[in-house]
Amino acid sequence: ALRPAGLAARSGEWSVLPSAVINCLFTKFCQRHWKLTRAGGGSPDPAVPAEPLLRFRSLAARSRGARGGAGAETQVGNDLGSPEPLRWLLRSPFDRNVPVQLELQELLLDHVFQRLGVASQGCVDHPIVLTEAVCNPLYSRQMMSELLFECYQVPKVSYGVDSLYSFYHNKRQNWPCSGLVISSGYQCTHILPVLEGRLDAKNCKRINLGGCQAAVYLQRLLQLKYPGHFAAITLSRMEEILHEHSYIAEDYIEELQKWRSPEYYENNMHKMQLPFSNKLLGSTLTSEEKQERRQQQLRRLQELNARRREEKLQLDQERLDRLLYVQELLEDGQMDQFHKALVELNMDSAEELQSYINKLSLSVEQTKQKILQAEVNIEVDVVDSKPETPDLDPLGSEQSLEDVESINEFEPLFAEEQPEVEKPVAAVQPVFNLAEYHQLFLGTERIRAPEIVFQPSLIGEDQAGIAETMQYVLERYSKEQQAILVQNVFLTGGNTMYPGLKARVQKELLEMRPFQSSFQVHLASSPVLDAWYGARDWAVEYMTREEGWITRKDYEEKGGEYLKEHCASNVYVPIRLPKQAPRTAEALAPSRALTSSAGNPCEQA
């Protein structure tokens, strides 16, 4: 799903399953995906919840450990919290949607069994149902089977495709067993033709575009539009915007023309508020408060400098006392102890000792003077040094009226400028609304980001879109088979939850199909969880059958890449090694003759 996994489930909601369910025949199902892992149980017992009990991101991060000696800590899934600060540490066992790092996959399975309350020490005595990628490489399945059978000692395992499980779950009574499945997920999109209930793997097509590429494209668009909020435009926020604000345009060019209208823009533009702090408004302190704060900072600096001078004075005094003690040994004539002390001090002669004594004595005196001067300065600062205004009226009341008038005449010429009284500064009011400055205005970005699955050229990808790929797949069949496939075009996957996607696919089919031909497009009831529900339904239905289950005996006899096919599985293509042609007697005769002639050099001579 495009929504971050942390919003889907909280770790506190995962509880240990009831013991009655653990002890009975119980099938574990784990849907593995590059973005999410869902795990839980499937059983006819109504006590088993129908929803997946565990949902977490398929990610792990290993910290380097603290300097104090604490060991490194590994966190998995939703225990990581927000992925943005740890994105450079995140590791996933998947490359696209194919597992390639089995060490991390084992870590995720341990996390699943621990949270579900299943003891994984020794063995996991429960059948396992796992989803895998379409046309999964044999090596990947081999390593996964080896991990499950050798490490966890599971009794049997079944592999299936998540989109086919979703198709199996949504199959109604009047639905045909054939159809064209369009599955779009986080990393890629698949076009899967299903004929008579089985996957036609030869004509499957894959597009390496999904929700991840749409989020990255949207992030680039908004970072170019708002360079001042470059760091705040993260992938997690882009995934949230895609999930809540984006939609698929039925006609992309026509929709862009609508956005040119100011009225249409105002009515359909969405705003997203970014976090901000009021501290960015600047200081709202008055001049008296600023002056007081400066005085406090000055006092702290003075105290810090005084403490450093005292520490330096104490250290220099101790070193000076040590050197004076060694000099007294020389004056007392204790030469042996004097030479030993010089060696300990890494000195060669008495002159060098005297030089160090002079330098330390000078340093001690200077430090003492600095301390006394600092104390004097502090006392001067404390005393109010503002002088009192003297009485400048020596003549008193004996001044004549003429003198006063003459003074008043010249007073404007020599009037002193009176210093203006500094008024307290009120709180600085911003000239703009800071909250509006931290808003993202989503216009055409709402349709440009999800459009890449239909037009990959928007991001420079040399691939075909969904419509072109769907037409290419249909053209590989006869007209009768095409008519059967288009009667059930099924959309599933987290990247198909955009509003308008179903109408867009119907429009594309209308353009590519013959005149007056019929077709039907269906959307999964729950595009994200239907794969889970379908696997649970399959596990309950086939729990007592042998079809689709790989036992330990099959694993030991046929190898880890072996697959038992079923209605929602891949097609098993065994490894075929080229056989060497048998060497006949006639073919061996010339080689023997050459060998015999080469082995007798005398005859050759």
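- The chain carries the name Actin-related protein 5 in an unreviewed UniProt entry, which gives Otus sunia as its organism.
- Quoted straight from UniProt, the Subcellular location (unreviewed entry) entry for the chain says "Nucleus".
- Recorded in UniProt for the chain, the comment headed Sequence similarities (unreviewed entry) runs: "Belongs to the actin family. ARP5 subfamily."

Some details on the overall build of the chain
Okay, so step 1: The helix and strand tally for the chain stands at 21 helices and 18 strands.
Okay, so step 2: Counting only residues that meet the buried cut, the chain has 40% of its 605 residues in that class.
Okay, so step 3: Entry remark: accessible area of the chain is about 36,000 Å², with carbon and sulfur atoms responsible for 51%.

Examining the pairing of strand β10 (residues 179-184)
Okay, so step 1: When you tally the buried positions in β10, you get 6 out of 6 residues, the bulk of the element.
Okay, so step 2: Where β10 lies against strand β16 (residues 489-492), 4 bridges are found, and the strand directions are parallel. Paired with V181 across the two strands is F490, which belongs to β16.

What about the nonpolar core?
Nonpolar side chains in soluble globular proteins tend to end up buried together.
Okay, so step 1: If you look at the biggest cluster of nonpolar residues, it comprises 41 residues, and the most contacted ones within it are I182, L222, M470 and V505.
Okay, so step 2: Counting only elements with at least two residues in this core, the list comes to β10, α5 (211-225), α6 (235-245), β15 (439-442), α15 (466-474), α16 (479-486), β16 and α17 (501-512).
Okay, so step 3: With 6 residues, the top contributor of residues to this core is α5.

Let's talk about the side chain of Q219
Okay, so step 1: Within the secondary structure, Q219 sits in helix α5.
Okay, so step 2: When residues no more than four places from it in sequence are discounted, the contact partners of Q219 are I233, T234, L235 and M238.

Here we look at the packing of aromatic side chains
Okay, so step 1: This model, assessed by the stated rule, comprises 8 aromatic pairs.
Okay, so step 2: The interplanar angle of 65° and the centroid separation of 5.2 Å between the aromatic rings of F113 and Y152 together place this pair among those described as edge-to-face. Here F113 is found in helix α2 (residues 102-116), whereas its partner Y152 is found in the loop between α3 (138-151) and β9 (156-161), with 39 residues between them in sequence.
Okay, so step 3: The class of Y152 is buried, set by a relative accessible area of 1%.
Okay, so step 4: Ring geometry for W538 against W549: centres 5.4 Å apart, planes inclined by 45°, an arrangement best described as tilted. Of this pair, W538 sits in helix α18 (residues 530-541) while W549 sits in the loop between α18 and β18 (550-551), placing them 11 residues apart in sequence.
Okay, so step 5: Judged by relative accessible area, which is 0%, W538 ranks as buried.
Okay, so step 6: Taking the relative accessible area as the measure of exposure, W549 reaches 1% and is therefore buried.
Okay, so step 7: Through successive ring pairs, a cluster of aromatic residues spans W259, Y264 and Y265.
Okay, so step 8: It is K359 that lies over the ring of Y356; its NZ or CZ is 5.9 Å from the centre.

So, the side chain of Q223
Okay, so step 1: Relative to the helices and strands, Q223 is located in helix α5.
Okay, so step 2: Reaching out from Q223, the side chain makes a polar contact with the backbone oxygen of F230 at a distance of 3.4 Å.

Some words on the packing of helix α9 (residues 287-331) against helix α10 (residues 335-344)
Okay, so step 1: Closest axis-to-axis distance for the α9/α10 pair is 8 Å, and the angle between their directions is 150°. Here α10 runs roughly antiparallel to α9, going by the angle between their axes. Crossing of α9 against α10: the hand is left-handed. Residue-level contacts link R322, V326, L329 and L330 of α9 to M335, Q337, F338, A341 and E344 of α10.
Okay, so step 2: Tallied by class, the residues present in the contact of α9 with α10 amount to 6 nonpolar, 1 polar and 2 charged.

With respect to unusual backbone geometry
Okay, so step 1: With a phi close to 60°, R96 is a non-glycine residue in the positive phi region.
Okay, so step 2: For R96, the position within the fold is in the loop between β6 (94-95) and β7 (98-99).
Okay, so step 3: At E196, a position not held by glycine, the phi torsion is positive, near 55°.

Quick notes on the pattern of salt bridges
Side chains that differ in sign of charge can pair as their charged atoms come close.
Okay, so step 1: Applying the stated criterion across every chain, the model contains 14 salt bridges.
Okay, so step 2: Its salt-bridge partner being E445, residue K225 comes within 3.4 Å of it at the nearest N-O pair. In this pair, K225 sits in helix α5 while E445 sits in helix α14 (residues 445-448), placing the two residues 220 residues apart along the sequence.
Okay, so step 3: Take K225: its relative accessible area is 35%, and that puts it in the partly exposed class.
Okay, so step 4: Residue class for E445 comes out buried when judged on its relative accessible area of 6%.
Okay, so step 5: Each of E150, R552 and E556 takes part in a single network of salt bridges with overlapping partners.

Quick look at the environment of K156
Okay, so step 1: Positionally, K156 belongs in strand β9.
Okay, so step 2: According to the relative accessible area criterion, K156 is buried, its value standing at 18%.
Okay, so step 3: With 396 residues separating them in the primary sequence, K156 and R552 have C-alpha atoms 6.2 Å apart.
Okay, so step 4: If near-sequence neighbours (up to four positions away) are discounted, K156 is found in contact with H126, P127, I128, F149, M543, R545, W549, I550 and T551.
Okay, so step 5: Reaching out from K156, the side chain makes a polar contact with the backbone oxygen of M543 at a distance of 3.4 Å.

Calculation notes
- Residues numbered from 1 in each chain as written.
- Predicted model: local features only at pLDDT ≥ 70, side-chain atom pairs only at ≥ 80, totals over all residues.
- Heavy atoms only, no water.
- UniProt positions renumbered as here; feature names shortened; annotations may be inferred.
- Helix = DSSP H or I, 4+ residues; strand = E, 2+ residues; numbered from the N terminus.
- Buried < 20%, exposed > 50% of the residue type's maximum accessible area, 1.4 Å probe, protein only.
- Areas by Shrake-Rupley, 256 points an atom, 1.4 Å probe, with all protein chains shown as cover.
- Pairing = 2+ DSSP bridges.
- Core = buried A, V, L, I, M, F, W, Y, C linked by side-chain atoms within 4.5 Å.
- Contact = heavy atoms within 4.5 Å.
- Phe/Tyr/Trp six-rings, centres within 6.5 Å; stacked < 30°, edge-to-face > 60°.
- Lys NZ or Arg CZ within 6 Å of the ring centre and 35° of its normal.
- Polar contact = N/O pair within 3.5 Å; in protein donor to acceptor, adjacent residues only side chain to side chain.
- Axes fitted to C-alpha atoms, helices over the stretch in contact; angles between N-to-C directions.
- Parallel < 35°, antiparallel > 145°, perpendicular 65-115°, else oblique.
- Left-handed = near helix turned anticlockwise from the far one by under 90°.
- Nonpolar A, V, L, I, M, F, W, Y, C, P; charged D, E, K, R; others polar.
- Salt bridge = Lys/Arg side-chain N within 4 Å of Asp/Glu carboxyl O.

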